[in-house]
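# Inside the fold
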There are 2 protein chains.
Amino acid sequence: MNSIKAIVFDAYGTLFDVHSVIPKIESFFPGQGKKISEIWRRKQLEYTWQRSLMGRYRDFGKVTDDALAFTLKSLGLRADAEIRYVLVNEYLVLKPFPEAARTLHDLRRHKTLAILSNGTPFMLQGLVNHAGFRPFFSALISVDTIKIYKPYMGIYQLAPSILGVGREEILFVSANSWDAAGGKTFGFPTCWVNRFHGTFDELDVTPDLIVSSLDELITFLPQVDL
Amino acid sequence: MNSIKAIVFDAYGTLFDVHSVIPKIESFFPGQGKKISEIWRRKQLEYTWQRSLMGRYRDFGKVTDDALAFTLKSLGLRADAEIRYVLVNEYLVLKPFPEAARTLHDLRRHKTLAILSNGTPFMLQGLVNHAGFRPFFSALISVDTIKIYKPYMGIYQLAPSILGVGREEILFVSANSWDAAGGKTFGFPTCWVNRFHGTFDELDVTPDLIVSSLDELITFLPQVDL
């Protein structure tokens, strides 16, 4: 474990389960939580890409609320501000995946850890504090610094710039395959977390390492850490 | 019909039905045509946005093939090059929507018409020639000119630059609501073609005109054409 000095994690979908909002959605819209959560997440990402290309950045809290508004309207459901407020605030208390805490605890003894995320600083601090993860991380790096979303290359550059290490010394870990493709394109050694037997996106790059849960990082890290 | 000098159409989903590929898909994968076509189209668009942000443009033919490869793999289906070749070539012979021909024929008598599309010049020429639409258009404008995809603002700038008219003199017509939002953000008077009772994307802009099929343009154009 020599050449890798830092491990930088994506947040949403990688450390934290975006679909842990489902029970709260169900409290408003019984039987529709899974469907709503899936459309919501898809639209949230689409809006980050579309706004970035249009040069019309708005922060991830706003984009998350907009995506929820679209989702509820498109399903013919009530989309008033009160319901959206409650549901969007669930993004501040998303559940970490079960193995995240012990994995971060172990890795922290050997490497610098950080988060690189679309979330605002406010959202990331909320998430990480709620999970009790703040002590694990040297930095919570937000795209809000430069006001454009992943997978713009300048986002990935924030990690080496802020951590003060070379890109080749950072293992980038994401469960979002397009984000792993972005990190790999930038030049990070990259790990894709494939929790759900997914298919890696066809973007002409492949990750260096594929794990099915975060704790496999502890086993496999030496293989990419020559 | 004075201030609008030109009408610029999106191609895929607006003039031409991307889901007219379904019968050919069914010939390989019976019963799965609709599902495959929907995932294929969604991934195709995602890849245009992701590649644009990564600065890794590849043309729309390649992106369309990549998106199909992902789709088939993700469904556990055969994704060999022969099948993909046949299916991707269907994008050269997509069916126009039924009212497209007569609408273009009528509008052509009053306005300059053009296409502004993610497709390559080769793909657009194939489509338009196959449908017999070539005489209707003064220009087939492709993002391939500047090698980045919609909704990057520079794409929309191609239309006034190439047609030699002001952006406020161009009615932009798209059935893709994020694309209509892009055109409106750029400054075009914009018409959204909402064929399927859809919901307009929440991107902080609204179209000037909404029609449910292209022929309504003939009726409603005077309303935006002050």
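Values in this document were obtained by computation on a predicted structure and should not be read as measured data.

### Here we look at the pairing of strand β1 (residues 6–9) of chain B
Residues and elements named next belong to chain B. Every second residue of β1 is oriented toward a common face, with A6 and V8 on one face and I7 and F9 on the other, all of them buried. Relative to strand β4 (residues 112–117), β1 is paired through 4 bridges, and the arrangement is parallel. Directly across from F9, in β4, lies its bridge partner I115.

### Quick word on the interface of chain A and chain B
In this complex, chain A contributes 35 residues to the contact, which on the side of chain B involves 35 residues. Interface of chain A and chain B: buried area, both sides summed, is about 3,000 Å²; carbon and sulfur atoms make up 60% of it. Three residues, L53, M54 and E202 of chain A, lead the burial of chain A against chain B; their summed loss comes to 26% of the area buried on that side. Here chain A and chain B share 10 salt bridges between them. Remark: the boundary between chain A and chain B carries 14 residue pairs in polar contact (both at pLDDT 80 or more). For the side of chain A that touches chain B, the secondary-structure elements that each account for two or more residues are α2 (33–54), α3 (60–74) and α8 (177–186) of chain A. A per-element tally of the side of chain A that touches chain B places α2 of chain A first, with 10 residues. Residue composition of the side of chain A that touches chain B, by class: 16 nonpolar, 6 polar and 13 charged.

### Section: the relation of the copies chain A and chain B
When chain A is fitted to chain B, the best match, at an RMSD of 0.0 Å, comes from turning it 180° and sliding it 0.0 Å along the axis. The symmetry that links the two subunits is that of a two-fold axis. Using C-alpha coordinates, one finds that chain A approaches the rotation axis most closely at W49 of chain A, a distance of 3.0 Å. With an isologous cut-off of 70% or more, the 100% of interface residues of chain A that recur at the interface of chain B puts this contact in the isologous class.

### Some points on the domain arrangement of chain A
Residues and elements named next belong to chain A. The domains assigned to chain A are domain 1 (6–16 + 94–219) and domain 2 (19–92). The C-alpha-based centres of domain 1 and domain 2 are spaced at 22 Å. Domain 1 puts 20 residues into the contact, and the matching count from domain 2 is 17 residues. Buried surface at the junction of domain 1 and domain 2, both sides included, amounts to about 1,600 Å², of which 66% is carbon and sulfur. When the buried surface of domain 1 facing domain 2 is broken down by residue, L94, M123 and Y149 rank first, second and third, together holding 43% of it. Counting every contact that joins domain 1 to domain 2 gives 0 salt bridges. At the boundary of domain 1 and domain 2, one finds 10 residue pairs in polar contact (both at pLDDT 80 or more). Looking at which element gives the most residues to the side of domain 1 that touches domain 2, the answer is helix α6 (residues 121–131), with 5 residues.

What counts, and at which threshold
Residues numbered from 1 in each chain as written. Chains lettered and ligands numbered in written order. Predicted model: local features only at pLDDT ≥ 70, side-chain atom pairs only at ≥ 80, totals over all residues. Heavy atoms only, no water. Buried < 20%, exposed > 50% of the residue type's maximum accessible area, 1.4 Å probe, protein only. Helix = DSSP H or I, 4+ residues; strand = E, 2+ residues; numbered from the N terminus. Pairing = 2+ DSSP bridges. Contact = heavy atoms within 4.5 Å. Buried area = accessible area lost by both parts, 1.4 Å probe. Salt bridge = Lys/Arg side-chain N within 4 Å of Asp/Glu carboxyl O. Polar contact = N/O pair within 3.5 Å; in protein donor to acceptor, adjacent residues only side chain to side chain. Nonpolar A, V, L, I, M, F, W, Y, C, P; charged D, E, K, R; others polar. Least-squares fit on C-alpha atoms with pLDDT ≥ 70 in both. Domains from an automatic or database assignment.

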